[in-house]
Amino acid sequence: MAIQRPKGTQDLLPGVVEKWQDLEQQIRKICREYGYEEIRTPMFEATELFQRGVGETTDIVNKEMYSFLDKGDRSVTLRPEGTASVCRAYVENKLYGGPQPVKLYYMGPMFRYERPQAGRFRQFHQFGVEVLGADKPIVDAEVITLVWDLYNRLGLKGLEVHVNSVGCPTCRAEHRTKLQEFLAPRREQLCKDCQDRFERNPMRILDCKNPTCQEITQGAPTTLDTLCLECSEHFQELQELLTAAGVRYKVDPRLVRGLDYYRKTAFEVLVEDIGAQSAICGGGRYDGLVQEVGGPQTPGIGFAMGMERVLNAIYASGQVTERAPKEFVMFIALGEAAQKKAFSLVSQLRSKGISASIDLLGRSLKSQLKTADKAQAHYAAILGEDELTRQVVILRDLALGEQLEVPITDVLDDLMRKWEEEV
Ligand code: ATP
Ligand code: MG
């Protein structure tokens with residue numbers, strides 16, 4: 001039996017890959033404009049990094065990691081997300097010793113052992129940014145604005161930006177008590193996961209997807225009810241900056257990030273009409289994370305977006321990108337001697353950066369012309385035995401259906417001139 005790809009993975013074939021490349025290009029462009037530099041970290045890390053950096057109580061660490069022992073008996077894990085690795089790299093390479101803040105972005109595959117469904121894969125791709133070493137609300141605003149700007153450039157419709165503040169350890173302690181008091185009478189009715197969360201991490205009950213839990217948490221105290229002065233000023237300032245930047249947002253007090261090192265800002269971007277998985281970006285401030293992975297106390301904020309879901313949303317918005325024709329000129333050579341001459345001409349054009357190609361299958365004139373048409377080549381350059389004897393090439397403009405004979409010695413200059421005019 002033929003071998004199939006692992007469940008939850010995809011082959012991205014030509015035709016689709018171009019859409020990825022376009023998205024990647026837009027991402028690189030906007031990052032350059034906003035002053036974010038790319039970082040590339042390993043695809044696998046010590047398992048402990050994610051246990052500490054993502055957190056033992058999360059679904060990711062509890063259920064979704066691809067962990068295994070390597071041949072040296074070390075436990076390693078295929079990265080399920082990018083933030084922990086970026087923080088590790090920041091510490092390991094002493095980036096905290098250089099100019100701050102450090103503004104980084106990454107793009108690449110992530111791995112989570114999940115139940116595959118539309119918009120949910122086991123190997124998927126994230127683009128994310130992290131700003132390390134700056135704690136002001138304007139940093140949060142810049143990061144959210146970057147997402148907003150990117151999505152608008154991509155032409156996405158039906159965007160919803162949700163923001164919240166989960167406070168700091170001080171105000172969160174108060175929230176925890178109030179929330180537990182509120183939930184205590186109906187504790188037994190919570191789902192099994194939330195019964196566990198009641199002691200370990202009650203805040204996360206607020207974003208449980210279970211309908212009963214959602215019903216029980218109606219009217220529950222939110223983190224916004226107990227924000228300390230500093231956190232509340234930070235949140236206020238963020239909102240004013242978002243408004244100043246023209247970002248349309250909504251305060252969503254149920255949006256939480258359950259880990260200890262998450263502070264203040266949490267945000268998420270949703271998009272209508274892409275089906276069940278509408279979250280296309282999630283992020284927040286994590287002022288305790290760098291320390292958690294062994295570095296100095298350093299504030300940080302970032303987001304990660306699911307590129308498959310963004311591409312889906314682009315598709316749903318009806319955005320189509322026009323791509324330039326693949327080939328500028330296709331050489332159609334007939335006979336061995338003509339083929340050698342044509343191959344030499346193609347090679348010279350290619351070395352000048354002009355897209356040129358030549359038949360690789362030894363096909364007939366007719367079928368080569370058909371291929372050139374299909375590829376939407378601008379020109380076909382025909383070189384048969386007769387043309388070779390007369391030292392000419394027939395240059396046919398495939399769009400116009402016109403053709404003319406060019407001396408073989410002039411054909412390179414001629415094509416180069418036409419190329420210049422085209423681009
Ligand atoms: P979800 O609630 O959908 O599981 P999450 O909270 O696990 O999302 P994050 O860890 O915040 O997601 O990751 C950021 C983004 O990465 C998500 O908003 C989503 O767009 C994307 N993403 C997460 N998991 C997957 C997956 N298995 N397949 C495709 N995209 C994913
Ligand atoms: Mg998830």
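Scroll up for the structure.
Since we're looking at a predicted model, the values are computed, not measured.

Undergrad: Explain the packing of aromatic side chains to me, please; I cannot follow it from the model alone.
TA: Aromatic ring pairs are described here by two measures, namely the spacing of the ring centres and the angle between the planes. Applying the stated criterion to the full structure yields 8 aromatic pairs. Each ring, one from F267 and one from F303, has its centre 6.4 Å from the other, and the planes form 75°; the classification is edge-to-face. Placement of F267 in strand 9 (residues 263-271) and of F303 in strand 11 (residues 300-306) is noted, with a sequence separation of 36 residues between them. A relative accessible area of 0% places F267 in the buried class. According to the relative accessible area criterion, F303 is buried, its value standing at 2%. Centroid distance F328 to W419: 5.0 Å. Interplanar angle 80°. Geometry classified as edge-to-face. Here F328 is found in the loop between helix 11 (307-316) and strand 12 (329-333), whereas its partner W419 is found in helix 15 (residues 411-422), with 91 residues between them in sequence. Judged on exposure class, the residue F328 and its partner W419 are both buried. Through pairs of rings, three or more aromatic residues link up here, namely Y105, F127, F267 and F303.

Undergrad: Could you clarify how one ought to interpret the packing of helix 1 (residues 17-34) against helix 5 (residues 137-153) in this entry?
TA: Between two packed helices, what matters for the description is the angle formed by their axes and the separation of those axes. With their axes 11 Å apart at the nearest point, helix 1 and helix 5 run at an angle of 140° to one another. In terms of axis orientation, helix 1 runs oblique to helix 5. For the crossing formed where helix 1 meets helix 5, the hand is right-handed. Where helix 1 approaches helix 5, its residues Q26, I27, K29, I30, E33 and Y34 are matched on the opposing element by E142, T145, L146, D149, L150 and R153. By residue class, the composition of the contact of helix 1 with helix 5 is 5 nonpolar, 2 polar and 5 charged.

Undergrad: Is there a simple way to explain empty space enclosed by the protein in this structure?
TA: Where empty space is left can be seen by rolling a probe of water-molecule size over the atoms. Here the structure, examined in full by the defined rule, presents 1 cavity of 30 Å³ or more. Reported here for the largest cavity is a volume of approximately 40 Å³. Taken together, I39, R40, T41, R79, E81, G82, S85, V86 and Y106 make up the lining of the largest cavity. A class-by-class count of the residues in the lining of the largest cavity yields 3 nonpolar, 3 polar and 3 charged.

Undergrad: Before we go on, may I ask you to explain the sheet that holds strand 7 (residues 159-165) in this structure?
TA: Each strand in a sheet pairs with its neighbour through backbone hydrogen bonds, running either in the same direction (parallel) or in the opposite one (antiparallel). In space, the 8 strands of this open sheet follow the order 1-5-6-11-10-9-7-8, with mixed pairing throughout. Each edge of the open sheet is held by one strand with a lone partner, namely strand 1 (37-38) and strand 8 (249-251). With 7 bridges connecting them, strand 6 (residues 123-132) and strand 11 associate as antiparallel partners. Among the inter-strand pairings, Q126 is bridged to a residue of strand 11, identified as G306.

Undergrad: What am I meant to see in helix 9 (residues 229-244) here?
TA: Quick reminder: α-helices carry 3.6 residues per turn. Residues three or four places apart thus point the same way. Helix length check: helix 9 (16 residues) gives 22 Å between terminal C-alpha atoms against 22 Å at 1.5 Å per residue, within 8%. Within helix 9, burial applies to C231, H234, F235, L238, Q239 and L242. Burial along helix 9 is one-sided: seen end-on, the buried residues are contained in an arc of 135°. Facing away from the buried side of helix 9 by more than 90 degrees, the exposed set consists of L229, E230, T243 and A244. Buried residues belonging to helix 9 abut helix 5, strand 7, helix 6 (169-183), strand 8, strand 9 and strand 10 (279-285).

Undergrad: So what exactly am I meant to see when it comes to the packing of helix 6 against helix 7 (residues 192-200) here?
TA: At a minimum axis separation of 10 Å, helix 6 and helix 7 run at an interaxial angle of 140°. If you check the angle between helix 6 and helix 7, you find them oblique. As for how helix 6 packs across helix 7, the hand of that crossing is left-handed. On helix 7, the residues touching R176, Q180 and L183 of helix 6 are F198, E199 and R200.

Undergrad: Got a minute to help me understand the pairing of strand 14 (residues 379-383) in this structure?
TA: Where a strand is regular, its side chains alternate between the two sheet faces. Along strand 14, 5 of the 5 residues are buried, which leaves the element largely enclosed by surrounding structure. Sheet topology note: the strand 12/strand 14 ladder contains 5 bridges and is parallel. Bridge pairing in strand 14 places F331 opposite A381. Pairing of strand 14 with strand 15 (residues 392-397) involves 4 bridges; the strand directions are antiparallel. The partner of Y379 across the bridge, within strand 15, is D397.

Undergrad: What am I meant to see in the layout of surface pockets here?
TA: Of the voids in this model, the second largest pocket is the one considered here, and its volume is about 560 Å³. K19, L311, N312, I314 and Y315 are, among the 22 residues lining the second largest pocket, the residues nearest its centre. Secondary-structure elements contributing two or more residues to the lining of the second largest pocket are helix 1 and helix 11. Looking at the lining of the second largest pocket residue by residue, the classes come out as 10 nonpolar, 7 polar and 5 charged.

Undergrad: Sorry, what's going on with the pattern of salt bridges here?
TA: As a working rule, side chains carrying opposite charge can pair if their charged atoms are close by. Inspection of every chain in the model, using the stated rule, returns 28 salt bridges. When the shortest N-O distance is used, the salt bridge between R153 and E33 registers 2.8 Å. Note that R153 is positioned in helix 5 and E33 in helix 1, a separation of 120 residues in sequence. Assessed through its relative accessible area of 33%, R153 is described here as partly exposed. Of the charged contacts in the structure, one is a salt bridge between D70 and R74, with a shortest N-O distance of 3.0 Å. Note on D70: relative accessible area 23%, which makes it partly exposed. Salt bridges linked by common partners bring K29, E33, D149 and R153 together as one network.

About the thresholds
- Residues numbered from 1 in each chain as written.
- Chains lettered and ligands numbered in written order.
- Predicted model: local features only at pLDDT ≥ 70, side-chain atom pairs only at ≥ 80, totals over all residues.
- Heavy atoms only, no water.
- Phe/Tyr/Trp six-rings, centres within 6.5 Å; stacked < 30°, edge-to-face > 60°.
- Helix = DSSP H or I, 4+ residues; strand = E, 2+ residues; numbered from the N terminus.
- Buried < 20%, exposed > 50% of the residue type's maximum accessible area, 1.4 Å probe, protein only.
- Axes fitted to C-alpha atoms, helices over the stretch in contact; angles between N-to-C directions.
- Parallel < 35°, antiparallel > 145°, perpendicular 65-115°, else oblique.
- Left-handed = near helix turned anticlockwise from the far one by under 90°.
- Contact = heavy atoms within 4.5 Å.
- Nonpolar A, V, L, I, M, F, W, Y, C, P; charged D, E, K, R; others polar.
- 1 Å grid on protein atoms, 1.4 Å probe; cavity = no way out; pocket = protein on both sides within 12 Å on 5 of 7 lines; lining within 4 Å.
- Points joined across faces, edges and corners; volume = space filled by probe spheres on them.
- Pairing = 2+ DSSP bridges.
- Expected span 1.5 Å × (residues − 1).
- Arc of directions from axis to C-beta.
- Salt bridge = Lys/Arg side-chain N within 4 Å of Asp/Glu carboxyl O.

Such coordinate-based values are descriptive only and should not be taken to indicate function.
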